[in-house]
Amino acid sequence: MLRPVLENRLRNQKQENPYMNISHYIGFDVHKKSISYCVKTADGKIVEEGKLRATHQALREWAGKRSEPWHGAMEATLFSAWIYDTLKPFAAQLQMGNPSMMKAIGAAKKKSDQLDARTIADLVRCNLLPACYVAQPEMRDLRRLLRYRNLVVGQAVQMKNRMSGMLMEVGAEYSKRRLHGKQYFNELLDQLEEVPESVKDLLRVSREALETFTATQRQILDRLQKDPLLAKRVKLLKSIAGVGEVTALTWALEICDPRRFSSIGDAVSYCGLCSALVSSADKAKRGPLSKQRNAHLQTVLIEASKLAPRWNKQLAEVHNREVKHGGDRNRATLAVARKLVAYLLAVDKSGQQFEVRTPAAKPMEEVAIVA
């Protein structure tokens, strides 16, 4: 009598949850020009193996011919995003695996594309895949723009340093603080003496390139701030004193969904603002800052934390308290960055402007007077 009841319950659960109807588990080992795949059943039996050309058309044709619902996974790489977007509509469930964690789980003496695809399929069917967050395509497109802007800014800094280097090579006197001002630069070129014409020509070319870089990064920032997906969110984040447009945009586009972090500690770890922990046999050892982090977000937050205390009273108190307790300025900057993450996460999750909340005053206790 119990068996029919269990079968009916399982049937109802499958109707409510389509993932329970999955019969095939597919591992993809993705590369720039080819994709190896392995299809397995729930008991580990290999149904199909092969290799596909890494093109949109080849993937759609292959996925469109599959008759059984499937759950697939691949390792997150530079070119996994477009493969994920192409296969997503055909899969009952599709995931990306964290590369650093998959190396630890799937380490093997023998390694090939076919064996890697089999390993990923096993991780999926056994529910052992260390899945990572995949942002929506719209957010990834905007994030790509912001990261390109960071590249342009880096090239502009290199160009400025190169211009200063050329002037030092020829022994020219100049004001480092005013060098990159347009008016001062033009006046300087006219006043330079005993400087080869080739150096002057290189300085003019460098100045034109610098102006191009500056205009490009400004256009990208303006476009991102006006985007409807970001405008309101960035405005709320900038309500935190000391948070500018670059910090707000970087947070919004690198975090994407703040609700994926259940605690402030998780967000701090993702931003690379905590040290690595090695704990064994009741002994815990802290190392330097962990290398497993979002490097783009870490850089922006640390740079912002060096300046934010000038405009934010609460962050200034955090900085001064850390210095007073014996910490150096680097430790104080890290403490400010962690507090800044807490502020950004709270504003982003609540959807409300930043407000400093003062603790409620405790009611005075009645004092009993004994005669």
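Chemist: Before we go on, may I ask you to explain the overall build of the protein in this structure?
Modeler: When you go through the protein residue by residue, the secondary structure sums to 14 helices and eight strands. Looking at the protein as a whole, 37% of its 371 residues are labelled buried. Counting contacts in the protein only where the partners sit at least 6 residues apart, residues at least 24 apart contribute 58% of the total. Carbon together with sulfur atoms contributes 51% to the accessible area of the protein, which is approximately 23,600 Å² in total.

Chemist: What is the right way to look at the environment of C38 in this model?
Modeler: By the secondary structure assignment, C38 is in strand β2 (residues 34-40). It is 5.5 Å that separates the C-alpha atoms of C38 and I26, two residues lying 12 residues apart in sequence. Once you skip the residues sitting within four places of it in the chain, C38 turns out to touch Y25, I26, G27, I46, E48, E49, A117, R118 and A121.

Chemist: Help me understand the packing of helix α6 (residues 137-169) against helix α10 (residues 245-255), please; the structure alone is not making it clear to me.
Modeler: Two packed helices can be described by the angle between their axes and the distance between those axes. Close contact between α6 and α10 brings their axes to 9 Å; oriented N to C, the two are set at 140°. Here α6 is positioned oblique relative to α10, judged by the angle of their axes. Once α6 is placed against α10, the crossing between them reads as left-handed. The segment α6 lies against α10, with M139, L142, R143, L146, R147 and R149 engaging V246, L249, T250, A252, L253 and E254.

Chemist: What am I meant to see in the pairing of strand β4 (residues 70-75) here?
Modeler: Counting buried positions along β4 gives five out of six residues, so the element sits mostly inside the fold. Bridging between β4 and strand β5 (residues 93-97) involves five bridges; their strand directions are parallel. Bridging across to β5, E75 finds its partner in G97. On the question of chirality, the crossover connecting β4 to the parallel β5 by way of helix α3 (residues 80-87) is right-handed.

Chemist: Any chance you could explain the pattern of salt bridges here in plain terms?
Modeler: Pairs can form between side chains of opposite charge whenever their charged atoms are close. The full count for this structure, using the stated rule, is 17 salt bridges. Between E254 and R147 there is a salt bridge; the shortest N-O distance is 2.8 Å. Of the two residues, E254 is situated in helix α10 and R147 in helix α6; the sequence distance between them amounts to 107 residues. E254 sits in the buried class, given a relative accessible area of 2%. Among the residues examined, R147 registers a relative accessible area of 31% and is labelled partly exposed.

Chemist: When you look at the sheet that holds strand β3 (residues 46-53) in this model, what are you seeing that I'm missing?
Modeler: Strands pair in a sheet through their backbones, by hydrogen bonds, and they do so in one of two ways: parallel or antiparallel. The strand order β3-β2-β1-β4-β5-β6 describes an open sheet built from six strands, whose pairing is mixed. Edge positions in the sheet fall to β3 and β6 (131-132), since each of these pairs with one other strand and no more. With five bridges joining them, strand β1 (residues 24-30) and β4 adopt parallel strand pairing. Paired with H24 across the bridge in β4 is W70. Strand contacts of helix α5 (residues 113-125): β1, β2, β3 and β4, with the helix running at about 140° to β1, the strand carrying the most contacts.

Chemist: Would you mind showing me how to read the packing of aromatic side chains here?
Modeler: For the structure shown, the criterion picks out six aromatic pairs. Ring geometry for F28 and W70: centres 6.0 Å apart, planes at 65°, overall edge-to-face. Of this pair, F28 sits in strand β1 while W70 sits in strand β4, and the two are 42 residues apart along the sequence. Of the two residues examined, F28 and W70, each falls in the buried class. Here the basic side chain of R207 rests over the ring of F185, its NZ or CZ set 5.8 Å away from the ring centre. Of note, R260 hangs over the ring of Y270, and the distance from its end group to the ring centre comes to 4.8 Å.

Chemist: Explain the nonpolar core here, please?
Modeler: Soluble globular proteins: nonpolar side chains tend toward being buried together. The biggest cluster of nonpolar side chains holds 42 residues, and the ones touching the most others in it are L230 and W251. Elements represented by at least two residues in this core include exactly α6, α8 (197-226), α9 (231-237), α10, α11 (264-270), α12 (295-307), α13 (313-324) and α14 (329-350). In contact with L230, not counting residues within four places along its chain, are M139, L142, L224, L249, A252 and L253. Counting 20 residues, the second largest nonpolar core, distinct from the first, contains V39, L52, A63 and M96.

Chemist: I would appreciate a short explanation of the side chain of K200 in the present structure.
Modeler: Tracing the sequence through the fold places K200 in helix α8. Excluding anything up to four places from it in sequence, K200 contacts L189, L192 and V195.

Rules and cut-offs
Residues numbered from 1 in each chain as written. Predicted model: local features only at pLDDT ≥ 70, side-chain atom pairs only at ≥ 80, totals over all residues. Heavy atoms only, no water. Helix = DSSP H or I, 4+ residues; strand = E, 2+ residues; numbered from the N terminus. Buried < 20%, exposed > 50% of the residue type's maximum accessible area, 1.4 Å probe, protein only. Contact = heavy atoms within 4.5 Å. Areas by Shrake-Rupley, 256 points an atom, 1.4 Å probe, with all protein chains shown as cover. Axes fitted to C-alpha atoms, helices over the stretch in contact; angles between N-to-C directions. Parallel < 35°, antiparallel > 145°, perpendicular 65-115°, else oblique. Left-handed = near helix turned anticlockwise from the far one by under 90°. Pairing = 2+ DSSP bridges. Right-handed = clockwise from strand over helix to strand, strands pointing away. Salt bridge = Lys/Arg side-chain N within 4 Å of Asp/Glu carboxyl O. Phe/Tyr/Trp six-rings, centres within 6.5 Å; stacked < 30°, edge-to-face > 60°. Lys NZ or Arg CZ within 6 Å of the ring centre and 35° of its normal. Core = buried A, V, L, I, M, F, W, Y, C linked by side-chain atoms within 4.5 Å.

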